[in-house]
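In case you want the letters, here they are:
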There are 2 protein chains.
Amino acid sequence: MASLQLDETDIRLLNILQRDGRIANTELADEVGLTPAPTLRRVRRLEEAGLIRRYVALLDPEMIGRGFLVMVRVTLSGQTKAGFETFGEQMRRRPEVLECYLCLGGTDYFLKVATRDLMEYQRFLVDVLAANPLVQHTDSILVVKQEKQTTALPLE
Amino acid sequence: MASLQLDETDIRLLNILQRDGRIANTELADEVGLTPAPTLRRVRRLEEAGLIRRYVALLDPEMIGRGFLVMVRVTLSGQTKAGFETFGEQMRRRPEVLECYLCLGGTDYFLKVATRDLMEYQRFLVDVLAANPLVQHTDSILVVKQEKQTTALPLE
DNA sequence: TGGTGGGCGCAATAAGACTGCGTCAGGCTG
DNA sequence: CAGCCTGACGCAGTCTTATTGCGCCCACCA
């Protein structure tokens, strides 16, 4: 895939869209100093190239009962291919697991889990992780305060 | 704030918008079986209540040179209020730090860092964390594979 | 210096976003 | 039980955006 040459304007478009994914094209055009037509063509080009992967709405975790955030380090009992595949698939199915990474560095898997509160997390820990024969050990890191949380990737 | 009663339709709207934040209101209306007018009114209500916090574009990390992901556990040298505030502020300013949490569980801070590659991460580790007098110890967990990564929170 | 490709703005059309208004169903009150 | 009130829906009309064809211009190449 051609890595797609990005100019100054493309970068500004991407930064704006990372901040406000639903901005009207006309306003987007104003902000970058172009007319709507070429602005839209640029955005479409970025979407089609796959550089813009998708647009999403971000909800308030507190308001929907997902304000309790925990980072979990998981060590599997054996490092087998089937074990890895199974565990990954299991996590993919769990709605409270927002992120699941296979890792290096003394930990097999790393999870970001969102629940309503400690009690609900405890249930997840006991019923899903501890009860899982693939899991040998876990280490839960409870989030007390979110200093920073962004989906916007820095460009250049 | 009234916790805002959500019915079946609201939940469907939220799930759709978490998946596609830029869907046209007319199409959204079709998907939930309403006409565009009340659909738009519901969405506005969810936005104004703060339940929908914002809309964003998600970019492809690989394509913009941010494909190398590391989870970092950071222990500060002293647990002082000023130290915590300073460190949090410093991380907020670093573009490669996507997330920064103050934590319980044997770790003071937890970071999610995105760089181009190992070399760039190493620079961050050495120049930003190791060189920081507030930092006593760090533990880097390199992500090898992303099994799951979503911004969509499960509803009810 | 004429040829060429890429990207821009213009302008017209189609599509979607908004909003005022009348209607209807459910819950509550006299 | 009938009338009242509230909330939410769909209809229509208006206004704003999105989308696309087209001609123009500039930079680069031969």
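The paragraphs below set out a description of the structure included in this document. (Residues numbered from 1 in each chain as written. Chains lettered and ligands numbered in written order. Predicted model: local features only at pLDDT ≥ 70, side-chain atom pairs only at ≥ 80, totals over all residues. Heavy atoms only, no water.)

Quick look at the overall build of chain A
Within chain A, the secondary structure is distributed over 5 helices and 5 strands. Here the C-alpha radius of gyration of chain A, 20 Å, is well above what a compact globule of 156 residues would show, namely 15 Å. Overall size of chain A, expressed as C-alpha extent along the three principal axes, is 60 × 40 × 25 Å. Out of the 156 residues belonging to chain A, those deemed buried represent 46%. (Helix = DSSP H or I, 4+ residues; strand = E, 2+ residues; numbered from the N terminus. Rg over C-alpha atoms; globule rule 2.2 N^0.38 Å. Buried < 20%, exposed > 50% of the residue type's maximum accessible area, 1.4 Å probe, protein only.)

Overview of the interface of chain B and chain A
One frequently used descriptor of interface size is the decrease in accessible area upon assembly of the parts. Counting residues at the interface gives 66 residues for chain B and 66 residues for chain A. Of the roughly 6,500 Å² buried between chain B and chain A on both sides combined, carbon and sulfur atoms contribute 59%. Taken together, chain B and chain A are joined by 8 salt bridges. Linking D139 of chain A and R73 of chain B is a salt bridge whose minimum nitrogen-to-oxygen distance equals 3.4 Å. Between chain B and chain A we count 47 residue pairs in polar contact (both at pLDDT 80 or more) in total. When contributions to the side of chain B that touches chain A are tallied by element, the ones reaching two or more residues are helix 1 (8–19), strand 1 (52–59), strand 2 (68–76), helix 4 (81–93), strand 3 (97–104), strand 4 (109–115) and strand 5 (135–149) of chain B. It is strand 5 of chain B that provides the largest number of residues to the side of chain B that touches chain A, a total of 11 residues. Class assignment for the residues of the side of chain B that touches chain A results in 37 nonpolar, 11 polar and 18 charged. In terms of strand pairing, strand 5 (residues 135–149) of chain A meets strand 3 of chain B through 6 bridges, oriented antiparallel. (Contact = heavy atoms within 4.5 Å. Buried area = accessible area lost by both parts, 1.4 Å probe. Salt bridge = Lys/Arg side-chain N within 4 Å of Asp/Glu carboxyl O. Polar contact = N/O pair within 3.5 Å; in protein donor to acceptor, adjacent residues only side chain to side chain. Nonpolar A, V, L, I, M, F, W, Y, C, P; charged D, E, K, R; others polar. Pairing = 2+ DSSP bridges.)

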